[in-house]
Amino acid sequence: MREPGRLYLLLAGADRFALAAFWLAATVRWTTELELTAFQLVLIGTLMEASVLVAEVPTGVIADVVSRKWSVVISQIGMGLALVVAGLGDTVGVLIASQIAWGVSWTFVSGADVAWLADELDDGGRVDRLILRAAGIRELGGIGGALAAIGVGSLVALDVVMVASGLLLVVIGLGLAVAMTERGFEPTRSAPFRSFVATLRAGASLTAGSSMLRMLVVASLTVGLGSEVLDRLDVRRMEDVGLPEGVDPVVLVGTMGLVGALASYLLLRRIESGAGSGSVDGWFPILATVAAGAIVVAAVVPVLVVVVVAFIVQRVCRRGLEPIETAWANRAAQSEVRATVLSFVGQATSLGEISGGVALGLLAEAAGLPSALLVSAALFLAAGVLGRTIVRRSVRDAPARAARPSPPPA
């Protein structure tokens, strides 16, 4: 059995390694070997996001009612099998089915891993530090996975990379079934359906009744609204500005990804150093505001080098926002509904990405990509304002949380 904190960090790095390798290989294979159209690629991504949106909260409730550990295990095995199918499949129907299965499987771990960690450690300050450290380790895992995909994909085949990534996740899931403990969680022993409904209501009631959680949900939705256009149309903006002859967009994007991952890792270690002192929360409005400024620069400055740097900066800032949101939600939620509350926050992000991607994509077509980017920047600026409000509320409520009596031992 491994210590929960170390196991959580190991899961973070191994997961990102496997997924980074898969997505790099899948993106190239689907585009070059299977020659999927732009519509087919967008359809696969949209249906996957939709499956996440639909399944996010129900699977979070299952983690709160049945088991956080087994939710994580099911997620790893389910994701792995879905990626294996995607690696073996060569028709759009099979790929769509595999990605929907992947999305549903992913929601089993979304929120459940942090809820499991919080219950096993029962140390809020350490949990915050581990959430931030895991985000940094994911960046390193992503670099390793991308390099592995490039090496194996070029020497063997892209579909081999995809299948191997899926099998790695299955092995991780089987290993977690043995290595994970679950001493801090007590499953609900009443009727399963009644417990499911009661937990869903309790989680929704806590989220709706807490002003901090309400603001966090809105902030997550706002960030999601502004994010998808950045992920989908950054290369288009660089092409509009003008790529020099001989510059391979794949090499440029890959280099941007590696630089961004390293910078994100360093940023997250810097943020982590303030965990427990209260300084972590203050990073959210700073990062959201800097991201907004970088997006404005990318939208209005017609110089390729400046646009590239601006896109890297906004990506690094966005990588720093997610673990802070997770730490806030974990801190505000009660143990009995922690995974459910974390899922509500994740669902807000997914809803924002789906609706924002469509809306800003249409705006880019109608009014030009710079207009869509400027709206994205405004959304991140609004998220920064909400973040400042959350920080002030957190500081104001800190004495009340400190004075709250500890629950009696089970």
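Being a predicted model, the structure only gives us computed values, none of them experimental.

The rules behind each value
Residues numbered from 1 in each chain as written. Predicted model: local features only at pLDDT ≥ 70, side-chain atom pairs only at ≥ 80, totals over all residues. Heavy atoms only, no water. Helix = DSSP H or I, 4+ residues; strand = E, 2+ residues; numbered from the N terminus. Rg over C-alpha atoms; globule rule 2.2 N^0.38 Å. Contact = heavy atoms within 4.5 Å. Areas by Shrake-Rupley, 256 points an atom, 1.4 Å probe, with all protein chains shown as cover. Lys, Arg positive; Asp, Glu negative; His and termini not counted. Charge placed at Lys NZ, Arg CZ, Asp CG, Glu CD. Expected span 1.5 Å × (residues − 1). Buried < 20%, exposed > 50% of the residue type's maximum accessible area, 1.4 Å probe, protein only. pLDDT = per-residue confidence, 0-100. Patch = residues over 30% accessible without salt bridge, like charges linked within 9 Å, V, L, I, M, F, W, Y side chains within 5 Å. Salt bridge = Lys/Arg side-chain N within 4 Å of Asp/Glu carboxyl O. Phe/Tyr/Trp six-rings, centres within 6.5 Å; stacked < 30°, edge-to-face > 60°. Bend = angle between axes of the 7 residues up to and from the residue. Core = buried A, V, L, I, M, F, W, Y, C linked by side-chain atoms within 4.5 Å. Axes fitted to C-alpha atoms, helices over the stretch in contact; angles between N-to-C directions. Left-handed = near helix turned anticlockwise from the far one by under 90°. Nonpolar A, V, L, I, M, F, W, Y, C, P; charged D, E, K, R; others polar. Parallel < 35°, antiparallel > 145°, perpendicular 65-115°, else oblique.

Peer 1: Explanation requested: the overall build of the chain in the structure shown.
Peer 2: In terms of regular secondary structure, the chain is built from 14 helices and zero strands. When the helices and strands of the chain are read in sequence order from the N terminus, they spell out α-α-α-α-α-α-α-α-α-α-α-α-α-α. Radius of gyration (C-alpha) of the chain: 21 Å, near the 22 Å computed for a compact globule of 410 residues. In terms of overall dimensions, the chain has C-alpha extents of about 70 × 45 × 35 Å along its principal axes. Of the contacts made within the chain by residues no fewer than 6 positions apart, 86% connect residues no fewer than 24 positions apart. If you sum the accessible surface of the chain, you get close to 18,100 Å²; carbon and sulfur atoms cover 67% of it. Charge-centre separation for the chain: the mean point of 31 positive side chains lies 9 Å from the mean point of 33 negative side chains.

Peer 1: In this structure, what is going on with helix H7 (residues 158-179)? I would like to understand it.
Peer 2: An α-helix turns once every 3.6 residues. As a result, residues three or four positions apart point the same way. For H7, spanning 22 residues, the distance from its first C-alpha to its last is 31 Å, which sits close to the expected 32 Å at 1.5 Å a residue. Burial in H7 covers these residues: Leu158, Val161, Met162, Val163, Ser165, Gly166, Leu169, Val170, Ile172, Gly173, Leu176 and Ala179.

Peer 1: Is there a simple way to think about the confidence of the model for the chain in this case?
Peer 2: Chain-level statistics for the chain give a pLDDT mean of 87 and a share of 92% at 70 or above. Contacts from residues 400-410, a stretch scored under 50 in pLDDT, to residues over four places away or in other chains number one contact.

Peer 1: Could you clarify how one ought to interpret a nonpolar patch on the surface in this entry?
Peer 2: There is a patch of nonpolar side chains on the surface, built from Ile286, Val290, Val297, Val303, Val305, Val306, Val309 and Val313 and spanning about 580 Å² of accessible area. Counting residues per element, the ones that place at least two in the nonpolar patch are helix H11 (283-300) and helix H12 (304-332). Broken down by element, the residue count for the nonpolar patch peaks at four residues, all from H12. With respect to the element layout, Val290 can be found in helix H11. Take Val290: its relative accessible area is 40%, and that puts it in the partly exposed class.

Peer 1: Please explain the pattern of salt bridges as it appears in this structure.
Peer 2: Pairs can form between side chains of opposite charge whenever their charged atoms are close. Tallying each qualifying case throughout the model produces 12 salt bridges. With a shortest N-O distance of 3.1 Å, Asp128 and Arg331 are connected by a salt bridge. Of this pair, Asp128 sits in helix H6 (residues 124-155) while Arg331 sits in helix H12, and the two are 203 residues apart along the sequence. The residue Arg133 makes a salt bridge to Glu272 at a minimum N-O spacing of 2.6 Å. Pair noted here: Arg133 is in helix H6 and Glu272 is in helix H10 (residues 249-272), with a separation of 139 residues, a long-range link.

Peer 1: Mind showing me how you'd approach the packing of aromatic side chains here?
Peer 2: One pair of aromatic rings is described through two measures. These are the centre distance and the angle between the planes. Using the criterion set out here, one finds five aromatic pairs in the structure. Arranged with centres 5.9 Å apart and planes meeting at 85°, the rings of Trp23 and Trp102 form a pair that is edge-to-face. With a gap of 79 residues between them, Trp23 in helix H1 (residues 4-33) and Trp102 in helix H4 (residues 92-109) connect regions that are remote in the sequence. Relative to Trp328, the ring of Phe284 lies with its centre 5.0 Å away and its plane at 40°, an arrangement referred to as tilted. Here Phe284, found in helix H11, pairs with Trp328, found in helix H12; they are 44 residues apart in sequence, far enough to count as distant.

Peer 1: Mind showing me how you'd approach helix H9 (residues 211-241) here?
Peer 2: The end-to-end C-alpha distance of H9, which contains 31 residues, comes to 43 Å, matching closely the 45 Å that a straight helix rising 1.5 Å per residue would cover. Of all the bends in H9, the greatest, near 60°, is centred on Leu233. Phi turns positive, to about 120°, at Gly242, one or two residues after H9.

Peer 1: Help me understand the nonpolar core in this model?
Peer 2: A general feature of soluble globular proteins is that nonpolar side chains tend to end up buried together. Judged by nonpolar contacts, the single largest core of 100 residues is most densely connected at Tyr8, Trp30, Leu176, Met238, Phe311, Trp328 and Phe380. It is H12 that provides the largest number of residues to this core, a total of 13 residues. Setting aside residues up to four positions removed in sequence, Phe380 forms contacts with Val223, Gly226, Ser227, Leu230, Ala288, Ala291, Ala292, Ile295, Arg318 and Leu321.

Peer 1: Mind showing me how you'd approach unusual backbone geometry here?
Peer 2: Generally, phi is negative for residues other than glycine and the peptide bonds are trans, each holding for most cases. Phi angles above zero are rare outside glycine, and Glu35 is one such case at about 55°. Here Glu35 lies in the loop between H1 and helix H2 (38-65).

Peer 1: Mind showing me how you'd approach the packing of helix H5 (residues 112-121) against helix H13 (residues 338-367) here?
Peer 2: The relative placement of two packed helices comes down to the angle between their axes together with the axis-to-axis distance. Contact geometry of H5 with H13 gives a least axis separation of 8 Å together with a crossing angle of 145°. For the pair H5 and H13, the crossing hand works out as right-handed. For the pair formed by H5 and H13, the contact residues are Ala112, Val114, Ala115, Ala118 and Asp119 on the first element and Arg338, Ala339 and Leu342 on the second. Residues belonging to the contact of H5 with H13 are distributed by class as follows: six nonpolar, no polar and two charged.

Peer 1: Help me understand the environment of Gly13 in this model?
Peer 2: With respect to the element layout, Gly13 can be found in helix H1. Sequence separation between Gly13 and Gly141 is 128 residues, and the spatial gap between their C-alpha atoms is 4.8 Å. When neighbours within four sequence positions are excluded, Gly13 is seen to be in contact with Ile137 and Gly141.

Peer 1: Help me out: how do you make sense of the packing of H1 against H4 in this one?
Peer 2: The N-to-C vectors of H1 and H4 enclose an angle of 160°; their axes lie 14 Å apart at closest approach. One way to sum up the angle between H1 and H4 is to call them roughly antiparallel. Relative to H4, H1 is oriented so that their crossing is left-handed. Contacts between H1 and H4 involve Leu19, Phe22, Trp23 and Trp30 from the first element and Leu95, Gln99 and Trp102 from the second. When the residues that make up the contact of H1 with H4 are grouped by side-chain class, the tally is six nonpolar, one polar and no charged.

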